[in-house]
Each structure stands twice: as structure tokens, then as C-alpha cells.
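As a plain string of letters, each chain reads:
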Amino acid sequence: MFFPEFLEKGDIIGVTATSSGLSDDKDIKKLENAKKNLNDIGYKVIETDNVRRAEKLVSSSGEKRAEEFYSLYTNHDVKYIIAASGGEFLMEMLPYLDKYQIDE
């Protein structure tokens, strides 16, 4: 069975948009506040390019979302991955993850 490690100060948290990204000023402000709070308690936060995008309800193409998720997944410095919002269109990226052959 797979058990994730606990987060420790200095660990990196990755944020990506697996469905829609953020474009509303209120949502961007919430993201900035969350990043500041996480930084203040000792975590580092990185985000993929599509986090601050929302075009026709999605952040980017399914293929691009899979690519950006995979970039965090394979970055061994990233200990935790968070979706920026929603998940209604997450299914669109799943066929593209197959090409990466994600292992446990």
C-alpha cells in the first residue's frame, strides 16, 4: 500500500489547474492569500502556467493540463499537488496521462 509522506517545513506544494483556472480578481486574491499563508508557515508554493487562466470554463486544452500536472507529479521536490479549482472538466486530461505511464 502507498502512504504519502507528511509535509515538512520547506516542502514544495504545487498548484495546477486540472479543470478551470482562476481569472476572477476575487479568486486571484484568494490564491495570493493562500500562497502567502503557506509561505508564512514554512512551505513553498509553485504554480503551473495554466493556474491563472480560464477560457470557456477551462484553463487550457486537456493535453496541456495533463502535461502541467505531470510536470508537478514528476518533480521530486514537489510533495503535494493541489487543483486550483473545480474539476468538472478533469476527464478531458485523463486520456493524455496514459502516454506518461504514471506508476505508483
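Keep in mind it's a predicted model, so treat the numbers as computed, not measured.

(A) Seen up close, the overall build of the chain. When you go through the chain residue by residue, the secondary structure sums to three helices and three strands. The helix and strand sequence of the chain, counted from the amino end, reads β-α-β-α-β-α. A compact globule built from 104 residues should have a C-alpha radius of gyration of about 13 Å, and the chain, at 14 Å, falls within 12% of that. For the C-alpha atoms alone, the extent of the chain along its principal axes is close to 40 × 35 × 20 Å. Classification of the 104 residues of the chain by burial places 31% in the buried group. Considering only contacts in the chain between residues 6 or more positions apart, those separated by 24 or more positions represent 83%. When the accessible area of the chain is evaluated, it comes to approximately 7,200 Å², of which 53% is carbon and sulfur surface.

(B) Representation of the side chain of Asp11 within the structure. Within the element layout of this structure, Asp11 appears in the segment before strand 1 (12-16). In this structure, Asp11 is buried with no salt-bridge partner, the nearest side chain bearing the opposite charge being Lys79 at 5.4 Å. A polar atom in the side chain of Asp11 sits 2.7 Å from the backbone nitrogen of Glu8. Once you skip the residues sitting within four places of it in the chain, Asp11 turns out to touch Phe6, Gly42, Tyr43, Lys44 and Lys79.

(C) Region of interest: a nonpolar patch on the surface. Side chains of Leu90, Met91 and Leu94 sit close together on the surface and give an oily, nonpolar patch of about 270 Å² of accessible area. A relative accessible area of 36% places Leu94 in the partly exposed class.

(D) The environment of Tyr73, seen in detail. Mapped onto the elements, Tyr73 comes out in helix 2 (residues 62-73). As for Tyr73 and Val58, which are separated by 15 residues in sequence, their C-alpha atoms are 20 Å apart.

(E) Expanded view of helix 2. The end-to-end C-alpha distance of helix 2 is 16 Å, a good match for the 16 Å that 12 residues give at a rise of 1.5 Å each. Taken as a whole, helix 2 has its buried residues at Gly62, Arg65, Ala66, Glu68, Phe69 and Leu72. The buried residues of helix 2 occupy one face: seen down the axis, they fall within an arc of 165 degrees. In the core, the buried residues of helix 2 are packed alongside strand 1, strand 2 (44-47), strand 3 (78-83) and helix 3 (94-97).

(F) Structural context of the nonpolar core. By size, the foremost hydrophobic cluster in this structure holds six residues: Val15, Leu22, Ile28, Leu31, Val45 and Val51. Once residues lying within four places of it in the same chain are set aside, the contact partners of Leu31 are Leu22, Glu47, Val51 and Arg52.

(G) A look at the sheet that holds strand 1. The three strands are arranged 2-1-3 in an open sheet whose pairing can be described as parallel. The two strands at the open ends of the sheet, each matched to only one other strand, are strand 2 and strand 3. With strand direction ignored, the average angle separating the axes of adjacent strands in the sheet is 25 degrees. Relative to strand 3, strand 1 runs parallel, the two sharing five bridges. Along strand 3, the bridge assignment pairs Ile13 with Tyr80. Taken strand by strand, helix 1 (residues 25-40) contacts strand 1 and strand 2, and its axis lies near 145 degrees from that of strand 2. Of the strands in this sheet, strand 1, strand 2 and strand 3 are in contact with helix 2, which crosses strand 1 at around 175 degrees.

Calculation rules
Residues numbered from 1 in each chain as written. Predicted model: local features only at pLDDT ≥ 70, side-chain atom pairs only at ≥ 80, totals over all residues. Heavy atoms only, no water. Helix = DSSP H or I, 4+ residues; strand = E, 2+ residues; numbered from the N terminus. Rg over C-alpha atoms; globule rule 2.2 N^0.38 Å. Buried < 20%, exposed > 50% of the residue type's maximum accessible area, 1.4 Å probe, protein only. Contact = heavy atoms within 4.5 Å. Areas by Shrake-Rupley, 256 points an atom, 1.4 Å probe, with all protein chains shown as cover. Lys, Arg positive; Asp, Glu negative; His and termini not counted. Salt bridge = Lys/Arg side-chain N within 4 Å of Asp/Glu carboxyl O. Polar contact = N/O pair within 3.5 Å; in protein donor to acceptor, adjacent residues only side chain to side chain. Patch = residues over 30% accessible without salt bridge, like charges linked within 9 Å, V, L, I, M, F, W, Y side chains within 5 Å. Expected span 1.5 Å × (residues − 1). Arc of directions from axis to C-beta. Core = buried A, V, L, I, M, F, W, Y, C linked by side-chain atoms within 4.5 Å. Pairing = 2+ DSSP bridges. Axes fitted to C-alpha atoms, helices over the stretch in contact; angles between N-to-C directions.

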